[in-house]
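Summary of the model geometry
Now for the letters of each chain:
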2 protein chains.
Amino acid sequence: MMEYTKMNEEQLKAELKKIRRQYERIKGLGLNLDMSRGKPSPQQLSLSEELLKTELTSDDYFNEQGMDCRNYGGLDGVIECKRIFSEILEVNTDNIILGGVSSLNLMYDFISQCMTHGIGDEPWMLQDDVKFICAVPGYDRHFAIAEYFGIEMINVDMTETGPDMDAVEQLVKDSSVKGMFCVPKYSNPTGVTYSDETVRRFAALKPAASDFRVIWDNAYCVHDFNDTPDKLLNIFEVAKEYGSEDLFIEFASTSKITFSGGGISCVAASDRNIKMIRYRMSRQTIGNDKLNQLRHYKFLRDKEGVMRLMKKHARLIVPKFEKVLEVLDRELGDLGVAHWTRPNGGYFISFNATSCSARRVGELCREAGVTLTNVGATFPYNKDPNDRNIRIAPTLPPVHEIEKAAEVLCLCVKMATLEHLLGK
Amino acid sequence: MMEYTKMNEEQLKAELKKIRRQYERIKGLGLNLDMSRGKPSPQQLSLSEELLKTELTSDDYFNEQGMDCRNYGGLDGVIECKRIFSEILEVNTDNIILGGVSSLNLMYDFISQCMTHGIGDEPWMLQDDVKFICAVPGYDRHFAIAEYFGIEMINVDMTETGPDMDAVEQLVKDSSVKGMFCVPKYSNPTGVTYSDETVRRFAALKPAASDFRVIWDNAYCVHDFNDTPDKLLNIFEVAKEYGSEDLFIEFASTSKITFSGGGISCVAASDRNIKMIRYRMSRQTIGNDKLNQLRHYKFLRDKEGVMRLMKKHARLIVPKFEKVLEVLDRELGDLGVAHWTRPNGGYFISFNATSCSARRVGELCREAGVTLTNVGATFPYNKDPNDRNIRIAPTLPPVHEIEKAAEVLCLCVKMATLEHLLGK
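Heads up: these notes are all about the structure in this document.

What chain A contains, in helices and strands, is 15 helices and 13 strands. Relative to a compact globule of 424 residues, whose C-alpha radius of gyration would be 22 Å, chain A shows 23 Å and is just as compact. When the backbone C-alpha atoms are referred to their principal axes, chain A occupies close to 75 × 50 × 35 Å. A total of 424 residues make up chain A; the buried ones form 62% of that total. Put simply, of all contacts in chain A between residues at least 6 apart along the chain, 76% involve residues at least 24 apart. Charge separation in chain A, taken as the distance between the mean sites of 53 positive and 61 negative side-chain charges, equals 4 Å.

Right under this line is the structure:
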């Protein structure tokens, strides 16, 4: 097949006619396919079925420190479960606080408390300007928190090794830049894992603002696809060399390990930060669900248990990613109209149309019964400046639906590109 | 026994000598008793043991609305569990949002969001003065939230029918008064349930501030001791008559129904308020633990199930309250040195020393091995202006310990009073 951009008008018109015919046929099928959400499939959730049967006896709910976990107390979580996160994140248990179901909530709380109480300086709400750096494309829920609090977001491009660190280093010279959102491993949606150099450059940052903090959202820390996973340096270990441990607040959860609707989360931070977070938490709550923490401990036991479970997830997820990539390669590989990522883990494929509007692709897909993540959502304020990024989330539907949905996507990209090249 | 205040100096001295001897003997016993925390006892927690064995099958985790509760979604909770709170609070399920373990956290979130985003007016953080009315004695964790956010607290006395409403009506004329903390049923620590007239006067409030809100913390809504429980009017029903539904935000939880360390909570509010709370929640979190909600539904089923369980709690709690009251009556009944409440439900007895320092009583108790709630904690800023209130929390220890602890308390009250009357 010839690259579209090399076709003359006649060829383009002929191709568009053919593609339109295919598109109309597809539309007639009344499809209803969804590649929009980074949700585990029912099969993945069933991998943790045992957790729903896990009975807690008095041997369990009196934890190893003798605490009756059915009762009040233990604000920052049970040690057994802290230890699992400690092994995974390579952070001391003393530097870990367990949260509820949602690590997003922990991030929100952290930022909310920076708004009302600051982090070693004036409350952000009482400062004139508060800005955050956002690596783009990125995670819409991060952006939604910043937008909710009126924090101005500044885009920085993702590269194959992480955010454009030249730009980051430049931006942090502005003392109104207070933080940055990062998904350092299998980044949402690019799948990029920050290179060692990128992590080192983060650790070496010298922000002008003393109350600058990086939200290090390690959501996909164990979400590998194969036996040669990406390796992310431990940010706290590297930061120690630079004395910059206080700059980083790390988050993780079991949302995509056990249950998205009933997992546990954690925040990890330096001694100083964790002390502050714990104090604030002591005003905020009586604590989180210790019984669910113990159930998770009984089910997962340790990092090894987690990694065993993640292998099972990979067996269910990988065929879906492979199918999407197979379709993209087959349908668009030779056309020079798009490029896309081939992640080694995580939940997404990031797709960039190069010669058409991503919004138009989204519209066409919707009309044909395929729901994509809202085009634009991967950027702050829902504004993709180049209108080209589409986040593909292949985990939820079964493989045959994924295949169909990917085919529809390709068809829509072709059609939108041809329309664009023909100036329609 | 003669009232202390009617004794002459010689009699007082003789009595003090006797009491001191008893106190020294008690001190020698090396007691270690705790009446400080409003915690359920292990026996109470065991009433919900079944909940720890509750297995969720696919019949359960696909809830009646067909949602896979293991996965993301259902931000504001499962309908099955909303319905239980709906029956208890007599509020529509549409006006209920479920939270996590801690209703305190929901209150904190509500206030935090008023600080950063206001509630229909300027964010509280950007307003010059923000004040809250606090009925005293009251709940220390409420006061801690206000203090954390720099909200100025104004004391209003509790009476036998609820807060002094004359004072409340006066105070809300000040537009910097933005809210009030209430525990309307079996109030912490007084055990008072607001009378119908008090509730009506709340509903009829016309605060100067358009962003005034009452935190209606109905923590003890089903925590009755007997078959003639206190009755609290439904605030929303009464408010409807006055068009003041928007003034009230109600909270409840199963912390003292099932597990304090693994229960569920809820917030109930008017259409307008609940819409705002739900929107804010959608920025904050992916939701709460739906599986624990379903477990609770499977265990409790409905209000009747809850009431059955509460009867069992009462059977365990009431003997402890009776024992404390028996000791207080026997030891202090004739001395005219204190008065105390006889609650019909809830978790506390509120004790007021009339002729000595409550702090001194706390010290003496501590030295004798009996821990009371920090004296002063029942007042904002830990300042009991009259230094007389002591919160007695009899639920946690076994009856024989409660009896001993109450005896020590009485002895310490006698000693502190005698010291005081003798000017020492």
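Moving on, we come to the sheet that holds strand β11 (residues 349–353) of chain A. Residues and elements named next belong to chain A. Here 3 strands make up an open sheet; going across it, the order is β10-β11-β13 and the pairing antiparallel. The strands lining the two open edges of the sheet, one partner per strand, are β10 (338–340) and β13 (389–392). Neighbouring strand axes in the sheet, compared pairwise and without regard to direction, differ in orientation by 20° on average.

We now examine the sheet that holds strand β7 (residues 213–217) of chain B. Pairing between the strands of a sheet is mediated by backbone hydrogen bonds and can be parallel or antiparallel. Residues and elements named next belong to chain B. Read across the sheet, 8 strands follow the order β2-β9-β8-β7-β6-β3-β4-β5 without closing on themselves; strand pairing throughout is mixed. Each of the sheet's edge strands pairs with one partner strand only, and the pair in question is β2 (96–98) and β5 (162–163). Bridge count between β7 and strand β8 (residues 248–253): 4 bridges; the pairing is parallel. Bridge pairing links Trp216 to Glu250 in β8.

Moving on to the packing of helix α11 (residues 271–284) of chain A against helix α7 (residues 140–148) of chain B. Remark: α11 of chain A packs on α7 of chain B, axes separated minimally by 8 Å, with the N-to-C direction vectors making an angle of 130°. Our classification of the angle between α11 of chain A and α7 of chain B gives oblique. Here Tyr279, Arg280, Ser282 and Arg283 of chain A of α11 of chain A come into contact with α7 of chain B, specifically with Arg141, Ala144, Ile145 and Tyr148 of chain B. Split by residue class, the contact of α11 of chain A with α7 of chain B holds 4 nonpolar, 1 polar and 3 charged.

Before going further, it helps to spend a moment on the relation of the copies chain B and chain A. Superposing chain B onto chain A takes a rotation of 180° combined with a translation of 0.0 Å along the rotation axis, leaving an RMSD of 0.0 Å. On the angle and the small slide along the axis, the relation comes out as a two-fold axis.

This part is about the pattern of salt bridges. If the charged atoms of two oppositely charged side chains come close together, the side chains can form a pair. This structure, assessed with the given rule, holds 58 salt bridges over all chains. Between Glu64 of chain A and Arg83 of chain A there is a salt bridge, and its shortest N-O distance comes to 2.7 Å. In this pair, Glu64 of chain A is assigned in the loop between α4 (58–61) and α5 (79–89) and Arg83 of chain A in helix α5, connecting sequence segments 19 residues apart. Of the residues examined, Arg83 of chain A reaches a relative accessible area of 32% and is grouped as partly exposed. With a closest N to O distance of 3.9 Å, Lys323 of chain B and Glu403 of chain B form a salt bridge. With a gap of 80 residues between them, Lys323 of chain B in helix α13 (residues 303–332) and Glu403 of chain B in helix α15 (residues 399–421) connect regions that are remote in the sequence. Among the charged side chains, a network of salt bridges with common partners joins Lys323, Glu326, Arg330, Glu331, Glu403, Lys404, Glu407 and Lys414 of chain A.

Tallied over the entire structure, the rule returns 30 aromatic pairs over all chains. Grouping aromatic residues by their ring pairs yields a cluster made of Tyr108, Tyr148 and Phe149 of chain A together with Tyr279 of chain B. Over the face of the ring belonging to Tyr347 of chain A we find Lys256 of chain A, whose NZ or CZ atom lies 5.1 Å from the ring centre.

Attention now goes to helix α14 (residues 358–367) of chain B. Residue and element names in this part refer to chain B. Considered for burial, the residues of α14 that qualify are Ala358, Val361, Gly362, Leu364 and Cys365. Looking straight down α14, one finds that the buried residues subtend no more than 165° of arc, so they occupy a single side. Buried residues in α14 make contact with α1 (9–27), β12 (370–372), β13 (389–392) and α15. Sitting at the head of α14, Ser357 places a side-chain oxygen 3.2 Å from the backbone nitrogen of Arg359. Downstream of α14 by one or two residues, Gly369 has phi in the positive range, about 90°.

Turning next to the interface of chain B and chain A. Contacts between chain B and chain A engage 58 residues on the former and 58 residues on the latter. Counting the surface lost from both chain B and chain A, the interface buries some 5000 Å², and carbon and sulfur atoms represent 55% of this. Among the residues of chain B in contact with chain A, Arg70, Tyr72 and Tyr148 of chain B are the three that bury the most area, contributing 16% of the side total. For the pair chain B and chain A, the number of links is 2 salt bridges. Among the salt bridges present, the one from Glu49 of chain B reaches Arg70 of chain A, with a minimum N-O distance of 3.3 Å. Contributions of two or more residues to the side of chain B that touches chain A are made by α2 (42–46), α3 (49–53), α6 (103–117), α7, α11 (271–284) and α12 (290–300) of chain B. Among the elements that take part in the side of chain B that touches chain A, α6 of chain B stands out by supplying 9 residues, more than any other. Tallied by class, residues from the side of chain B that touches chain A come to 24 nonpolar, 20 polar and 14 charged.

Attention shifts here to the nonpolar core. In this structure, Ile111 of chain A together with Ile111 of chain B are the most contacted members of the largest nonpolar core, which totals 74 residues. Non-local contacts of Ile111 of chain B, meaning those with residues more than four positions away in its chain, are made with Trp124, Phe132, Ile145, Phe149, Ile151, Phe181 and Ile215 of chain B. Counting 58 residues, the second-largest nonpolar core is a separate cluster that includes Ile84, Val168, Leu205 and Cys266 of chain B.

Both trends apply: most residues other than glycine have a negative phi, and most peptide bonds are in trans. Going from Val136 of chain A to Pro137 of chain A, the amide bond is cis rather than trans, its omega being -5°. With respect to the secondary-structure elements, Pro137 of chain A resides in the loop between β3 (131–136) and α7 (140–148). In this chain, Asn188 of chain A is followed by Pro189 of chain A through a cis amide linkage whose omega measures 0°. For Pro189 of chain A, the position within the fold is in the loop between β6 (177–182) and α9 (196–203). One non-glycine residue, Glu90 of chain B, lies in the positive phi region at around 55°.

We now examine the pairing of β8 of chain B. Residue and element names in this part refer to chain B. With respect to burial, β8 is a largely interior element, 6 of its 6 residues being buried. Side chains Phe248, Glu250 and Ala252 project from β8 onto one buried face, and the interleaved Ile249, Phe251 and Ser253 project onto a second face that is buried too. Note on the crossover from β7 through helix α10 (residues 235–242) to β8: the handedness is right-handed. Where β8 lies against strand β9 (residues 265–269), 5 bridges are found, and the strand directions are antiparallel. Pairing of Ile249 across the sheet is with Ala269, part of β9.

All names here are of chain B. With respect to the element layout, Lys185 can be found in the loop between β6 (177–182) and α9 (196–203). Taking relative accessible area as the criterion, Lys185 reaches 7% and is therefore assigned buried. In terms of polar contacts, Lys185 uses its side chain to reach the side chain of Asp224, at 3.3 Å.

Residues and elements named next belong to chain B. Within α10, burial applies to Ile235, Phe236, Val238 and Ala239. Burial along α10 is one-sided: seen end-on, the buried residues are contained in an arc of 160°. Exposed residues on α10 whose side chains face more than 90 degrees from its buried face are Glu237, Lys240 and Glu241. Packed against the buried residues of α10 are α9, β7, β8 and β9. The opening residue of α10 is Asn234, an N-cap whose side-chain oxygen sits 2.9 Å from the backbone nitrogen of Phe236. Trailing α10 by a residue or two, Gly243 shows a phi angle of about 65°, which is positive.

Take the packing of helix α13 (residues 303–332) of chain A against helix α15 (residues 399–421) of chain A next. All names here are of chain A. Closest axis-to-axis distance for the α13/α15 pair is 9 Å, and the angle between their directions is 30°. Viewed along their axes, α13 and α15 adopt a mutual orientation that is roughly parallel. Crossing handedness for the pair α13 and α15: right-handed. Of the residues in α15, those touching α13 at Pro319, Lys320, Lys323, Val324, Val327, Leu328, Arg330, Glu331 and Leu332 are Val399, Ile402, Glu403, Ala406, Glu407, Leu409, Cys410, Val413 and Lys414. Looking at the contact of α13 with α15, its residues break down into 11 nonpolar, no polar and 7 charged.

Parameters at a glance
- Residues numbered from 1 in each chain as written.
- Chains lettered and ligands numbered in written order.
- Predicted model: local features only at pLDDT ≥ 70, side-chain atom pairs only at ≥ 80, totals over all residues.
- Heavy atoms only, no water.
- Helix = DSSP H or I, 4+ residues; strand = E, 2+ residues; numbered from the N terminus.
- Rg over C-alpha atoms; globule rule 2.2 N^0.38 Å.
- Buried < 20%, exposed > 50% of the residue type's maximum accessible area, 1.4 Å probe, protein only.
- Contact = heavy atoms within 4.5 Å.
- Lys, Arg positive; Asp, Glu negative; His and termini not counted.
- Charge placed at Lys NZ, Arg CZ, Asp CG, Glu CD.
- Pairing = 2+ DSSP bridges.
- Axes fitted to C-alpha atoms, helices over the stretch in contact; angles between N-to-C directions.
- Parallel < 35°, antiparallel > 145°, perpendicular 65-115°, else oblique.
- Nonpolar A, V, L, I, M, F, W, Y, C, P; charged D, E, K, R; others polar.
- Least-squares fit on C-alpha atoms with pLDDT ≥ 70 in both.
- Salt bridge = Lys/Arg side-chain N within 4 Å of Asp/Glu carboxyl O.
- Phe/Tyr/Trp six-rings, centres within 6.5 Å; stacked < 30°, edge-to-face > 60°.
- Lys NZ or Arg CZ within 6 Å of the ring centre and 35° of its normal.
- Arc of directions from axis to C-beta.
- Polar contact = N/O pair within 3.5 Å; in protein donor to acceptor, adjacent residues only side chain to side chain.
- Buried area = accessible area lost by both parts, 1.4 Å probe.
- Core = buried A, V, L, I, M, F, W, Y, C linked by side-chain atoms within 4.5 Å.
- Right-handed = clockwise from strand over helix to strand, strands pointing away.
- Left-handed = near helix turned anticlockwise from the far one by under 90°.

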